[in-house]
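The chain contents come next:
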Amino acid sequence: MVINPTYLAQRTRQSVNWADAQRRVLHSYREWLRSAPEVQTMYSLNIPVARLRTKMRQEFERHRYVNQIGVVDMLLFQSHAEYQETLNYWKQLPHILKYFRAEEDPNARRPQNFMTGFLEGRN
């Protein structure tokens, strides 16, 4: 497999107005949903495509009420970087499964601060 770092690359740009930002968010969302079967196959996940799509929707819904256009642009940039890394297979399986950890293990949580995590024996 030949590594092509420019595969799926996009130029970074800012949204002109809210309509443009909304169009770009919907385009990104649709890209993610269309890639779910490919991600499942590529990473050999034992997770149904419907569950992958649900998790993708939840990630977009987390930022639904952002009302600053600069923040929306930054989130779009991060989303596309994540998309490019995922489809170029630059991630490993644990990077993909971290999105499902809270559902798999309800006790999985981040420590409140460093000392608490240290005393619990967590990294």
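See the structure above.
On a predicted model such as this, the values are computed, not experimentally measured, just so you know.

Visitor: Explain helix α3 (residues 69-87) here, please?
Guide: Three- or four-residue spacings in an α-helix give side chains the same orientation, since the helix completes a turn every 3.6 residues. With 19 residues, α3 should reach 27 Å at 1.5 Å per residue; the first-to-last C-alpha distance of 27 Å fits that figure. Those residues of α3 not exposed but buried are V72, D73, L75, L76, S79, H80, Y83, Q84, T86 and L87. Y89 occupies a position one or two residues after α3 and carries a positive phi of about 60 degrees.

Visitor: Would you mind going over the side chain of Q84 with me for this structure?
Guide: Along the polypeptide, Q84 turns up in helix α3. When neighbours within four sequence positions are excluded, Q84 is seen to be in contact with P5, Y7, L8, A9 and W90.

Visitor: I keep staring at the pattern of salt bridges and nothing clicks. Help me out?
Guide: All told, the structure shown has seven salt bridges when counted by the stated rule. Between D20 and R23 there is a salt bridge, with the nearest N and O atoms lying 2.7 Å from each other. Of this pair, D20 and R23 both sit in helix α1 (residues 18-42), three residues apart, roughly one helical turn. For R23, a relative accessible area of 47% gives the class partly exposed. Each of R13, D20 and R23 takes part in salt bridges that share partners, so that together they form one network.

Scoring rules and cut-offs
- Residues numbered from 1 in each chain as written.
- Predicted model: local features only at pLDDT ≥ 70, side-chain atom pairs only at ≥ 80, totals over all residues.
- Heavy atoms only, no water.
- Helix = DSSP H or I, 4+ residues; strand = E, 2+ residues; numbered from the N terminus.
- Expected span 1.5 Å × (residues − 1).
- Buried < 20%, exposed > 50% of the residue type's maximum accessible area, 1.4 Å probe, protein only.
- Contact = heavy atoms within 4.5 Å.
- Salt bridge = Lys/Arg side-chain N within 4 Å of Asp/Glu carboxyl O.

So, to be careful, I would describe these as geometric facts and stop short of saying anything about function.
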